[in-house]
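For reference, the chains in residue letters:
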Amino acid sequence: MDDSTPPPPAPPADSLPPPPPPPTMTGSPTDFLKGVVGKRVVVRLTSGVDYRGLLSCLDGYMNIALEQTEEHVNGLVTNRYGDAFIRGNNVLYISAAEPL
Amino acid sequence: MLIFSVFKTLTDQQVTVELKNDLSITGVLKSVDQFLNIRLDSIKVLDEARHPHMMAVKNCFIRGSVVRYVQLPAEHVDTQLLEDATRRGRCTAKTMTVTKTTIALTVLSDLWRDAQSCIPTLYSTIQVFH
Amino acid sequence: MDSAASGIQEPFDLIRLSLSERVFVKLRGDRELTGVLHAYDGHMNLILSDVEETIMIVDQVEGSANGQNTVNIAKRKIDMLFVRGDGVILVSPPLRT
């Protein structure tokens with residue numbers, strides 16, 4: 001991030017793009033949220049359960065509407081929902097699951 | 001506000017309140033407020049053997065936040081009215097009054113209760129914490 | 001975009017479309033409900049009828065790693081139920097065709 005520090009030796013080509021592409025760290029959290037609407041996301045709840053799906057929309061409480069949702073509990077798919085409404089207070093984070 | 005109105009229409013009906021600590025109390029709904037705090041009369045605890053300390057309690061005030069469910073008398077819930085009011089978005093007590101004559105009585109009894117509340121009254125109060 | 005086509009602009013619209021439909025509700029405390037949705041508000045307080053509640057009780061088997069737990073399932077039916085919103089994790093409408 002800081003250009004003045006000597007860059008670390010460039011690693012060889014084996015670590016090219018990490019699975020989730022390096023996020024562009026510009027923009028506010030709000031910009032991020034605007035950017036992920038309509039994209040595939042992972043929503044992690046405080047309970048540790050993950051929901052993977054297409055983010056249809058969200059509001060200021062982080063209430064979330066997802067489409068084509070899969071519920072993952074320790075790596076296993078435990079449920080599928082066509083649409084899912086998640087109450088915002090349960091949300092730990094929203095992570096983009098495809099390039100923005 | 002909508003749900004508050006619903007509970008107001010159910011005053012003097014028998015309901016079962018299930019608390020987050022798994023205690024279930026059946027009683028007559030005497031009043032409710034905007035926080036969905038609930039006053040019940042003539043109460044009976046579901047599993048009395050497990051909650052012997054509740055046996056002597058005849059009425060109670062339940063803090064809204066400790067409620068998990070309230071089982072309602074289905075015959076006194078107008079589901080069509082609820083759906084319309086929910087779709088319309090904001091529902092005031094008024095929008096429900098016009099459709100149900102019983103509510104006029106509820107409003108009167110509200111006024112009466114307000115007047116009564118000037119008189120100090122002793123209620124056994126249960127405080128249940130999650 | 002799908003969501004634009006279906007007219008969903010905010011998450012609550014998803015639930016509005018489910019009024020008078022059977023919905024699935026996931027609650028805190030390993031509880032799940034299915035029932036017909038009649039009312040909700042901004043707290044996600046719900047009123048459902050013809051409800052079936054499922055409670056999952058996980059018994060940890062002594063001295064074993066995960067995977068050895070037995071899950072007991074208790075079910076019960078309730079005619080008309082108010083659900084306090086603070087316990088709600090997820091609401092899912094029926095699959096639309």
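How each quantity is defined
- Residues numbered from 1 in each chain as written.
- Chains lettered and ligands numbered in written order.
- Predicted model: local features only at pLDDT ≥ 70, side-chain atom pairs only at ≥ 80, totals over all residues.
- Heavy atoms only, no water.
- UniProt positions renumbered as here; feature names shortened; annotations may be inferred.
- Helix = DSSP H or I, 4+ residues; strand = E, 2+ residues; numbered from the N terminus.
- Contact = heavy atoms within 4.5 Å.
- Buried area = accessible area lost by both parts, 1.4 Å probe.
- Salt bridge = Lys/Arg side-chain N within 4 Å of Asp/Glu carboxyl O.
- Polar contact = N/O pair within 3.5 Å; in protein donor to acceptor, adjacent residues only side chain to side chain.
- Nonpolar A, V, L, I, M, F, W, Y, C, P; charged D, E, K, R; others polar.

- By the naming in an unreviewed UniProt entry, chain B goes by Sm domain-containing protein and is assigned to Ceriporiopsis subvermispora.
- The record in UniProt for chain B states the following under Sequence similarities (unreviewed entry): "Belongs to the snRNP Sm proteins family."
- What UniProt records for chain B under Subcellular location (unreviewed entry) is the sentence "Nucleus".

- Where an unreviewed UniProt entry is consulted, chain A appears under the name U6 snRNA-associated Sm-like protein LSm6, with the organism given as Ceriporiopsis subvermispora.
- Quoted verbatim from the Sequence similarities (unreviewed entry) field of the UniProt record, the comment on chain A reads "Belongs to the snRNP Sm proteins family. SmF/LSm6 subfamily."
- One UniProt comment on chain A, placed under Subunit (unreviewed entry), says "Component of the heptameric LSM1-LSM7 complex, which consists of LSM1, LSM2, LSM3, LSM4, LSM5, LSM6 and LSM7. Component of the heptameric LSM2-LSM8 complex, which consists of LSM2, LSM3, LSM4, LSM5, LSM6, LSM7 and LSM8. The LSm subunits form a seven-membered ring structure with a doughnut shape."

**Regarding the UniProt feature "domain: Sm" (unreviewed entry) in chain B**
Next up, step 1: Residues annotated in UniProt with the feature "domain: Sm" (unreviewed entry) correspond here to residues 2-76 of chain B.
Next up, step 2: This span, residues 2-76 of chain B, is 11% helix and 41% strand, and a straight line between its end C-alpha atoms measures 16 Å.

**Concerning the interface of chain B and chain C**
Next up, step 1: In this complex, chain B contributes 24 residues to the contact, which on the side of chain C involves 23 residues.
Next up, step 2: Each partner contributes to the roughly 2100 Å² buried at the junction of chain B and chain C, and carbon and sulfur atoms together form 61% of this total.
Next up, step 3: Three residues stand out in chain B for area buried against chain C, namely Ile3(B), Tyr69(B) and Thr86(B), and they jointly supply 29% of the buried area on that side.
Next up, step 4: Applying the counting rule to chain B against chain C returns 4 salt bridges.
Next up, step 5: We note a salt bridge from Glu18(B) to Arg31(C), for which the minimum N-O separation is 3.6 Å.
Next up, step 6: On inspection of chain B and its partner chain C, the count reaches 9 residue pairs in polar contact (both at pLDDT 80 or more).
Next up, step 7: Looking at the side of chain B that touches chain C, the elements with two or more residues in it are helix H1 (2-9), strand S5 (67-71) and helix H2 (79-87) of chain B.
Next up, step 8: For the side of chain B that touches chain C, the residue count by class is 13 nonpolar, 5 polar and 6 charged.

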